[in-house]
Amino acid sequence: MEKALLLCLLGLCGSVQAQQPSKTGNAYTSAYATGSWSVGGHAGYSKGLILENNSTAQLYAGYFIANRLLLGLGASGSQEWFRLVRSQTYTVGPMARYQLSRTRFSPFLTASYQFGGRSLSGSESQTMTSVVNTPNGPVTITGTARIRGTGVSRSVGIFSCGAGVSAGISAALRVDLALSYQQWLDQPLIQPQLGINYLIGKKY
């Protein structure tokens, strides 16, 4: 799924390069202007790194310090789960976003580094069976593995970056399709995400 999404993003980015801003000045060519603000969020789902499933939601607000360059603050909540076991992570930190064009379909790059805490809760037992070869023949061994959360939170720092395409619904309201990379538990988590953002502070 991640490969298919990446191909779609590359195709959209290629088509944007062929677009020329309207000389008559349409509503999109003045977007992402210096001095404007943007608020938005992304959400996605993928296979987890420790437990079976992972869902992530991200919110941000920022200010365009230059045309197309946004600096701001982001917050994320991530959850991994398998049956009754839950791992929850909440972080906050600085973020940056750069729009590659000022067109209706605008590719973008994002990066952030966030700090927060992670906790593991719940418990689950699973019976496992294995066959071991011995001099007297194969022996079947059955045991029970138990995953148990302590509920104690520990500090974490998570680096994330991503690339995507923003599609304008109006001059101010846009929908994002993105592929996010998170350095999570010393392993990379790659996740497709869908988002929305709203531009504030300029007349379009």
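Further up the page is the structure itself.
So, here's what we can say about the structure. (Residues numbered from 1 in each chain as written. Predicted model: local features only at pLDDT ≥ 70, side-chain atom pairs only at ≥ 80, totals over all residues. Heavy atoms only, no water.)

## With respect to the overall build of the protein chain
The condition that has to hold: Starting at the N terminus, helices and strands are each numbered in turn, a helix being any DSSP run of H or I of at least four residues and a strand any DSSP run of E of at least two. Only heavy atoms matter for contacts: two residues are in contact if any of them lie within 4.5 Å across the pair. Using a 1.4 Å probe, the Shrake-Rupley method yields the accessible areas, and only the shown protein chains count as cover for residues.
Within the protein chain one finds one helix and 10 strands. In the protein chain, the succession of helices and strands from N to C terminus is α-β-β-β-β-β-β-β-β-β-β. The long-range share in the protein chain, meaning contacts at least 24 apart out of those at least 6 apart in sequence, stands at 61%. About 11,300 Å² of surface is accessible on the protein chain, with carbon and sulfur atoms providing 62% of the total.

## Side note on the pairing of strand E9 (residues 173-184)
Selection rule: Two strands pair if DSSP finds at least two bridges between them.
Here 10 bridges tie strand E8 (residues 154-168) to E9, and the two strands are oriented antiparallel to one another. The residue bridging Cys161 from the neighbouring strand is Tyr181, located in E9. Across 12 bridges, E9 lies against strand E10 (residues 187-200) in antiparallel orientation. Looking at E10, one finds that Val175 is bridged to Ile196.

## Focus: unusual backbone geometry
Stated precisely, the cut-off is as follows: Summary of the burial criterion: residues with accessible area below 20% of their type's maximum are buried, those above 50% are exposed, and those between are partly exposed, where the area comes from a 1.4 Å probe applied to protein chains only.
Positive phi, normally seen in glycine, also occurs at Arg68, with a value near 80°. On the secondary structure map, Arg68 appears in the loop between strand E2 (53-66) and strand E3 (69-82). We classify Arg68 as partly exposed; its relative accessible area is 24%. A positive phi angle is found at Arg83, which is not glycine, with a value near 55°.

## Considering the environment of Ala33
Summarising the element assignment, Ala33 is placed in the loop between helix H1 (2-17) and strand E1 (37-47). Residues Ala33 and Ile65, 32 residues apart in the sequence, show an inter-C-alpha distance of 8.6 Å.

## Some remarks on the nonpolar core
Selection rule: Put simply, a nonpolar core is a bunch of buried Ala, Val, Leu, Ile, Met, Phe, Trp, Tyr and Cys residues held in one set by side-chain atoms that sit within 4.5 Å of each other.
The biggest cluster of nonpolar side chains holds seven residues, and these are Ala31, Tyr32, Tyr60, Phe64, Leu70, Met95 and Leu199. When near neighbours in sequence (up to four residues on either side) are disregarded, Phe64 contacts Tyr32, Ala33, Thr34, Gly35, Ser36, Ser38, Leu69, Leu70 and Leu199.

## What about the packing of aromatic side chains?
Selection criterion: Here is the rule: rings of Phe, Tyr and Trp (six-membered ring for Trp) pair when centre to centre is within 6.5 Å. Planes less than 30 degrees apart are stacked, more than 60 are edge-to-face, and the remainder are tilted. Two conditions define a charge located above a ring, namely a distance within 6 Å from the ring centre to NZ of Lys or CZ of Arg, and an angle within 35 degrees of the ring normal.
By the definition in use, this model includes four aromatic pairs. Here Tyr45 and Trp81 contribute two aromatic rings whose centre-to-centre distance is 6.2 Å and whose plane-to-plane angle is 50°, an arrangement assigned as tilted. Highlighted residues: Tyr45 in strand E1 and Trp81 in strand E3, separated in sequence by 36 residues. For the ring pair Tyr113 and Phe115, a centre distance of 5.0 Å and an interplane angle of 70° mean the geometry is edge-to-face. Classification of Tyr113 as partly exposed rests on a relative accessible area of 36%. We note Arg97 situated over the ring of Phe108; from NZ or CZ to the ring centre the distance is 3.9 Å.

## Details of a nonpolar patch on the surface
Worth spelling out the cut-off: Here a patch means residues that are over 30% exposed by relative accessible area and free of salt bridges, tied together within 9 Å if like-charged and within 5 Å if nonpolar (Val, Leu, Ile, Met, Phe, Trp, Tyr). The rule for a salt bridge is simple: a side-chain nitrogen of Lys or Arg has to be within 4 Å of a carboxyl oxygen of Asp or Glu.
A contiguous nonpolar patch, built from Trp37, Val39, Tyr63, Ile65, Leu71, Tyr198 and Ile200 and spanning about 620 Å² of accessible area, is present on the exposed surface. Among the secondary structure elements, those contributing two or more residues to the nonpolar patch are E1, E2 and E10. As for its placement among the helices and strands, Tyr63 is situated in strand E2.

## Section: the sheet that holds E9
Where we set the bar: Helix axes are fitted only over the stretch in contact, all axes being lines through C-alpha atoms; the angle between N-to-C directions runs from 0 to 180 degrees.
Pairing is antiparallel in the closed barrel, where eight strands are placed in the order E1-E2-E3-E4-E5-E8-E9-E10. Mean inter-strand twist for the sheet, computed between neighbouring axes without regard to direction, equals 25°.

## Focus: the pairing of E3
As a general feature of sheets, a regular strand has side chains that alternate between the two faces. Across 13 bridges, the pairing between E2 and E3 is antiparallel. Within E3, the residue paired with Ser55 across the bridge is Gln79. In textbook terms, the turn of a hairpin is the stretch between consecutive antiparallel strands, and for E2 and E3 this stretch comprises two residues, one of which, Arg68, has a positive phi near 80°. With 14 bridges joining them, E3 and strand E4 (residues 85-99) adopt antiparallel strand pairing. The residue bridging Ser78 from the neighbouring strand is Thr89, located in E4. Between the antiparallel neighbours E3 and E4 lie two residues, among them Arg83 with a positive phi of about 55°.

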